Amino acid sequence: MAIEVRLLDAPFNPGLFVGPFTQAHPGLGGVCTFVGEVRSGGGVEALELSHYAPLTLSGMERLAEAASARFGLMGILILHRVGVMLPGEPIVCVSAAATHRRAAFDAVDYAMDHLKSRSWFWKREKRGGEWHWIEPRGEDHADLARWD
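## Some thoughts on the overall build of the chain
Across its full length, the chain carries four helices and eight strands. For the chain, whose C-alpha radius of gyration is 15 Å, the value lies close to the compact-globule estimate of 15 Å for 148 residues. Considering only C-alpha atoms, the chain reaches an extent of 50 × 35 × 30 Å along its principal axes. Here the chain holds 148 residues, and the buried ones make up 42% of them. Within the chain, counting contacts between residues at least 6 apart in sequence, those at least 24 apart form 76% of the total. Within the structure as shown, the chain displays about 7,700 Å² of accessible surface, and the carbon and sulfur contribution to it stands at 54%. With 15 positive and 18 negative side-chain charges, the chain shows a separation of 2 Å between the mean positions of the two kinds.

What follows is the structure, given as structure tokens:
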């Protein structure tokens, strides 16, 4: 089982990571990848994610290990941006390789639900020239509760 977790402080191209990740797992039955981007429209000018690196990276590694064990993955890749991002830029990329597609789908969903609701990031959005803190929504917590 291969686990790759990275915090990135500059824009990234998810395909440059997902391609090699997929090729590193011969015999897989499926790969599922989710890429989350800064929303365009709605007045969003920028998104900023702050974090405390020692907690963030170790927490993301524990999340990857939990997803791998729970869904019997061949591998999982979690990339997450920090810093200021503009609309259309990738924030997160989660990719799971498994012998069966359902495990890959579920692992990505599981990881994203945890990253949205129980993560190690402080998020704020810039709208109308002003920064506003963002908290997880009720729907985010409900999504996370499915896995308990």
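After presenting the structure, the write-up continues.
## Quick notes on the packing of helix 3 (residues 101-117) against helix 4 (residues 138-145)
One can describe the packing of helix 3 onto helix 4 by two numbers: an axis separation of 9 Å at closest approach and a directional angle of 140 degrees. In terms of axis orientation, helix 3 runs oblique to helix 4. In this structure, the crossing between helix 3 and helix 4 has a hand that is left-handed. Packed against helix 3, whose contacting residues are Asp 113, His 114, Lys 116 and Ser 117, the element helix 4 presents Asp 140, His 141, Asp 143 and Leu 144 at the interface. Looking at the contact of helix 3 with helix 4 residue by residue, the class counts come to one nonpolar, three polar and four charged.

## Observations concerning helix 1 (residues 15-23)
If you check which residues of helix 1 are buried, you get Phe 17, Val 18 and Phe 21. An end-on view of helix 1 places all buried positions within 95 degrees of arc, on one side of the element. Exposed and facing more than 90 degrees away from the buried side of helix 1 are Leu 16 and Gln 23. The inward-facing, buried residues of helix 1 abut strand 1 (2-8), strand 2 (30-37), strand 4 (75-81) and strand 6 (90-98).

The rules we used
- Residues numbered from 1 in each chain as written.
- Predicted model: local features only at pLDDT ≥ 70, side-chain atom pairs only at ≥ 80, totals over all residues.
- Heavy atoms only, no water.
- Helix = DSSP H or I, 4+ residues; strand = E, 2+ residues; numbered from the N terminus.
- Rg over C-alpha atoms; globule rule 2.2 N^0.38 Å.
- Buried < 20%, exposed > 50% of the residue type's maximum accessible area, 1.4 Å probe, protein only.
- Contact = heavy atoms within 4.5 Å.
- Areas by Shrake-Rupley, 256 points an atom, 1.4 Å probe, with all protein chains shown as cover.
- Lys, Arg positive; Asp, Glu negative; His and termini not counted.
- Charge placed at Lys NZ, Arg CZ, Asp CG, Glu CD.
- Axes fitted to C-alpha atoms, helices over the stretch in contact; angles between N-to-C directions.
- Parallel < 35°, antiparallel > 145°, perpendicular 65-115°, else oblique.
- Left-handed = near helix turned anticlockwise from the far one by under 90°.
- Nonpolar A, V, L, I, M, F, W, Y, C, P; charged D, E, K, R; others polar.
- Arc of directions from axis to C-beta.

Fair warning: the whole summary comes from geometry, so function is off the table for now.
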